[in-house]
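Per-entry structural report
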Amino acid sequence: MSLEQKLGYFFFDKNHLKRALYHPSFEGETELPEPPFDQVAYGVLGRSLLAAVVTEFALRSGCDTIETIAHQGAQILEPQRLQALQEDLCLEFYVKLSPAAKADGQSQDPTVLQETFEALVAAVYLDGGYSSMRRIVKHLLVDPVLGPTEAG
């Protein structure tokens, strides 16, 4: 099963997917898509998008204080849940690392996998827009915690 099938999203522009998967260590290893080449900027955008979507769903689920929103967000983005999701997506097989980084075991590094997931969120957003990205985050992260919500 491809990563796109696992995500439930098929990229119109595969360069977004490629860029999300290129770890900074990979630079110089091969011909990369249009600059900037790696996932760093996508990761920054992905973190912000995750925070926005998680906050939206916390509000829609009835959270109305900073504390309850933060608590709900922490449940949805709980590190062990994210790590399990990254394992389910098999990100360690898709992330593009330099041979040295692979030899160091960075393909299994939770930080590398987290950054790759965040970059994928941004790639979906840039390729398909907010609603596509929101649907992916809802399906992969929100529904398992809050259950299916009316906020489609």
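Here's what I pulled together on the structure shown here. (Residues numbered from 1 in each chain as written. Predicted model: local features only at pLDDT ≥ 70, side-chain atom pairs only at ≥ 80, totals over all residues. Heavy atoms only, no water.)

Here we come to the pattern of salt bridges. Counting across every chain of the model gives five salt bridges. Here Glu-118 makes a salt bridge to Arg-47, at a shortest N to O gap of 2.5 Å. Taken together, the positions of Glu-118 in helix H8 (residues 110-128) and Arg-47 in helix H3 (residues 40-60) put the pair 71 residues apart, joining distant regions of the chain. Overall, Glu-118 belongs to the buried group, its relative accessible area being 6%. One continuous salt-bridge network, built from bridges that share partners, spans Glu-56, Arg-60 and Arg-134. (Salt bridge = Lys/Arg side-chain N within 4 Å of Asp/Glu carboxyl O. Helix = DSSP H or I, 4+ residues; strand = E, 2+ residues; numbered from the N terminus. Buried < 20%, exposed > 50% of the residue type's maximum accessible area, 1.4 Å probe, protein only.)

So, on to the side chain of Gln-72. Relative to the assigned elements, Gln-72 resides in helix H4 (residues 66-76). Overall, Gln-72 belongs to the buried group, its relative accessible area being 10%. Once you skip the residues sitting within four places of it in the chain, Gln-72 turns out to touch Ala-58, Ser-61, Cys-63, Val-145 and Leu-146. (Contact = heavy atoms within 4.5 Å.)

A word on unusual backbone geometry. A positive phi angle, close to 60 degrees, is found at Cys-90, a residue other than glycine. Topologically, Cys-90 is positioned in the loop between helix H5 (79-88) and helix H6 (91-94).

Right, let's get into the packing of H5 against H8. At their nearest, the axes of H5 and H8 sit 10 Å apart, and the two run at 75 degrees to each other. Taken together, the axes of H5 and H8 are roughly perpendicular relative to one another. Each of Leu-82, Gln-83, Leu-85 and Gln-86 in H5 lies in contact with H8, whose residues at this interface are Pro-110, Leu-113, Gln-114 and Phe-117. The residue inventory of the contact of H5 with H8, partitioned by class, reads five nonpolar, three polar and no charged. (Axes fitted to C-alpha atoms, helices over the stretch in contact; angles between N-to-C directions. Parallel < 35°, antiparallel > 145°, perpendicular 65-115°, else oblique. Nonpolar A, V, L, I, M, F, W, Y, C, P; charged D, E, K, R; others polar.)

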